[in-house]
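So the chains spell out like this:
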Amino acid sequence: MEEAERIYQQERTVARRNSDLNKLSMKTIVAMWAKKLGIEEEDTNAIAEAIGVSNSTVHRWLHDGMRPRPRELGGYMRQIEMMAQRLNKSNL
């Protein structure tokens, strides 16, 4: 029963995060990523390279209203957080 409760809580957390992200535009999300990594918002090449997607993918997110799937978006968020933490540690 404890394992079931743990899984339930984990899924609730993921659902809440996805819901919160869904309220934000991709322009806002990409701007947050750029800021965390110290990249200019307009530098779509650097942003794309940082998260491992093509420049055209970032362009579609910013200009065509496309979004990654919630699970992918969550993965990109975690990846950006880890990279930002590494950058902060290396700047100390």
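Above this note sits the structure.
The structure displayed is predicted, hence computed values, not measured ones.

Trainee: Pulling in residues and values, what's your account of the nonpolar core?
Mentor: Nonpolar side chains tend toward joint burial in soluble globular proteins. Among the nonpolar cores identified, the biggest contains 21 residues, and W33 and W61 are the most heavily contacted of them. Elements that contribute at least two residues to this core include exactly α2 (26-37), α3 (44-51), α4 (55-63) and α5 (70-90). The dominant element in this core, judged by the number of residues it contributes, is α2, at six residues. Excluding anything up to four places from it in sequence, W61 contacts M26, V30, W33, I51, V53, M66, R67, P68 and Y76.

Trainee: Give a description of the packing of α2 against α5 that names residues and reports values.
Mentor: The relative placement of two packed helices is expressed as an angle between their axes plus a distance between the axes. At a closest axis distance of 9 Å, the pairing of α2 and α5 adopts a crossing angle of 20 degrees. By the angle class used here, α2 and α5 are roughly parallel. Between α2 and α5 lies a crossing whose hand is left-handed. In contact with M26, I29, M32, W33, K36 and L37 of α2, α5 contributes L73, Y76, M77, I80, E81, M83, A84 and L87. Of the residues contributing to the contact of α2 with α5, the split by class is 12 nonpolar, no polar and two charged.

Trainee: So, the pattern of salt bridges: which residues are in play, and what are the values?
Mentor: One pass over the structure, following the stated rule, counts two salt bridges. E81 is the partner of K36 in a salt bridge, and the nearest nitrogen-oxygen pair spans 2.1 Å. With K36 in helix α2 and E81 in helix α5, this residue pair connects regions lying 45 residues apart in the sequence. For K36, a relative accessible area of 39% corresponds to the partly exposed category. Classification of E81 as partly exposed rests on a relative accessible area of 33%. A salt bridge links E72 to R69; the shortest N-O distance between them is 3.4 Å. Residue E72 is classed as partly exposed on the basis of its relative accessible area, which comes to 33%. In this structure R69 comes out as exposed when scored by relative accessible area, which is 59%.

Rules and cut-offs
- Residue numbers run consecutively from 1 along every chain, following the written order of its sequence.
- Local features in a predicted model are, by the rule used here, given only for residues with pLDDT of at least 70; side-chain atom pairs are given and counted only at 80 or more, and totals for whole chains, interfaces and linings are based on all residues.
- Side-chain measures were taken over the full set of non-hydrogen atoms in the model, leaving aside hydrogen atoms and water.
- Grouping buried Ala, Val, Leu, Ile, Met, Phe, Trp, Tyr and Cys residues that are joined through side-chain atoms within 4.5 Å yields what is termed a nonpolar core.
- Residue exposure (1.4 Å probe, protein chains only): buried if accessible area is under 20% of the type maximum, exposed if over 50%, otherwise partly exposed.
- In this description a helix means any DSSP run of H or I spanning at least four residues, a strand means any run of E spanning at least two, and both kinds are numbered starting from the N terminus.
- Working rule for contacts: check all heavy atoms of both residues, and any pair within 4.5 Å makes them a contact.
- Axis lines are fitted through C-alpha atoms, for helices just across the contact stretch, and the angle between N-to-C directions can take any value from 0 to 180 degrees.
- Should an angle fall under 35 degrees it is called roughly parallel, over 145 degrees roughly antiparallel, and 65 to 115 degrees roughly perpendicular, with every other angle called oblique.
- Handedness of a helix crossing follows the sense of rotation of the near helix relative to the far helix, less than a right angle counterclockwise being left-handed and clockwise being right-handed.
- Charged means Asp, Glu, Lys or Arg here, nonpolar means Ala, Val, Leu, Ile, Met, Phe, Trp, Tyr, Cys or Pro, and polar covers whatever is left, Gly included.
- Definition used for salt bridges: Asp or Glu carboxyl oxygen within 4 Å of a side-chain nitrogen of Lys or Arg.

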